[in-house]
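# Commentary on secondary and tertiary structure
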Amino acid sequence: MEDQAEKLREIMKRKKDGVSKTSSGRSNLKSADKARIITVTSGKGGVGKTNLSVNMALSFARLGKKVIVMDADLGLANVNVMLNMIPKCNLYHVIKKQKTIREILVETEYGISIVAGASGFSQIANMGEEDRKDFIAELDTLSNADIIIIDTSAGVSSNVLDFIAAADDAVIITTPEPTAITDAYGIIKIIATEYDSLNMGLKLVVNRAKGAAQAKSVADRMINIAGQFLNLKVDYLGFIYDDTAVQQAVLRQKPFMVVDPKCKASICVQHIVERMDRNKPGETAGFGAMLKRLFKSSSQEIEE
């Protein structure tokens, strides 16, 4: 336990000094505060979370950003499936200390990089506290990206809540279906219960909407309830049309922004990303702040 504590203190000290060491031992001055962390999550599966993550990444890349998508759905990973890729290594090898996260980083033909998740490994989906700390330390080596999009699993495991609390922007995606709305509100309620204060923006995207009016109706209802009963501010980020081009792209294992960049869904994602990109860099907490937030509770436990 003392070795673990020393490791945490060393990483925290590097954050305070503004120096981040790579896996090769070289230092990247100030790089740790560069990356913007966007966590994409949902209350239930099957609402388009991974599709949003991947296509948002492509849209950011087209704005000239260096983007990494990390598949943190630790158990049912599918970012690589959506991109028709079979990586040799994934997060399983990182958590088992067999590879570093930089070693499993894979470039795609679409101008983004991915960190593949580990499908079927239940022990990772139920990651223990110490393993989670080591895993978070590995994230430090991705800090030279402009944008890191973290595609979490659906639901409210401790792993999901860690990534939500640590993000600069937490995007919750839902559909107009009553069950999806209920589950999305459920995860918002748990966030409000678990955290007294949040250092990131909590944002809502309505997927598979018939139009702007339906999406806004769903968003307004959720935002009003969250504000009234949870005293939690949720911003409406936008919506994505229920577009047949999306399903066709999924079947082809390609992002819909590549298959049909002018379809309604592609234009919607482009608008969402442009809205997010309008935030000035100084308004985001950055990668260093993510690590500080994730390590805060661990450091307190160690001191106690």
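Note that the coordinates shown come from a computational prediction; the quantities given were computed from them, not determined experimentally.

With that settled, the discussion passes to the sheet that holds strand β7 (residues 147-152). Strand order in the open sheet formed by 8 strands is β5-β6-β4-β7-β3-β8-β9-β10, with mixed pairing between adjacent strands. The open sheet has two free edges, formed respectively by β5 (105-107) and β10 (235-241), since each of these has just one partner strand. Neighbour-to-neighbour, the strand axes of the sheet open up by a mean angle of 25 degrees, direction not taken into account. Examined bridge by bridge, strand β4 (residues 67-72) and strand β6 (residues 113-115) share 3 bridges and lie parallel to one another. Its bridge partner being in β6, Met70 is matched across the sheet by Val115. Contacts between helix α2 (residues 49-62) and the sheet are confined to β3 (36-41), β4, β7, β8 (169-174), β9 (201-209) and β10, with β7 contributing the most and set at about 170 degrees to the helix.

Formed by 62 residues in total, the largest nonpolar core has its most connected members in Ile38, Leu52, Met56, Phe60, Ile149 and Ile188. When residues in this core are grouped by element, the largest group, 7 residues, is from α2. Other than its neighbours up to four places away in sequence, Phe60 contacts Ile38, Lys65, Val67, Ile147, Ile149, Val273, Met276 and Asp277.

Right, let's talk about unusual backbone geometry for a bit. Of note in this structure, Lys97 is not a glycine but carries a positive phi near 65 degrees. Relative to the assigned elements, Lys97 resides in the loop between α4 (91-95) and β5. The class for Lys97 is exposed, based on a relative accessible area of 52%.

Turning our attention to the pattern of salt bridges. Applying the stated criterion across every chain, the model contains 7 salt bridges. The residue Asp151 makes a salt bridge to Lys49 at a minimum N-O spacing of 3.0 Å. Of this pair, Asp151 sits in strand β7 while Lys49 sits in helix α2, and the two are 102 residues apart along the sequence. Both residues of the pair, Asp151 and Lys49, count as buried. The salt bridge partner of Lys216 is Asp220, with a shortest N-O separation of 2.8 Å. You can see Lys216 and its partner Asp220 sitting in helix α9 (residues 212-229), 4 residues apart, about one turn around the helix.

Cut-offs applied
Residues numbered from 1 in each chain as written. Predicted model: local features only at pLDDT ≥ 70, side-chain atom pairs only at ≥ 80, totals over all residues. Heavy atoms only, no water. Pairing = 2+ DSSP bridges. Helix = DSSP H or I, 4+ residues; strand = E, 2+ residues; numbered from the N terminus. Axes fitted to C-alpha atoms, helices over the stretch in contact; angles between N-to-C directions. Contact = heavy atoms within 4.5 Å. Core = buried A, V, L, I, M, F, W, Y, C linked by side-chain atoms within 4.5 Å. Buried < 20%, exposed > 50% of the residue type's maximum accessible area, 1.4 Å probe, protein only. Salt bridge = Lys/Arg side-chain N within 4 Å of Asp/Glu carboxyl O.

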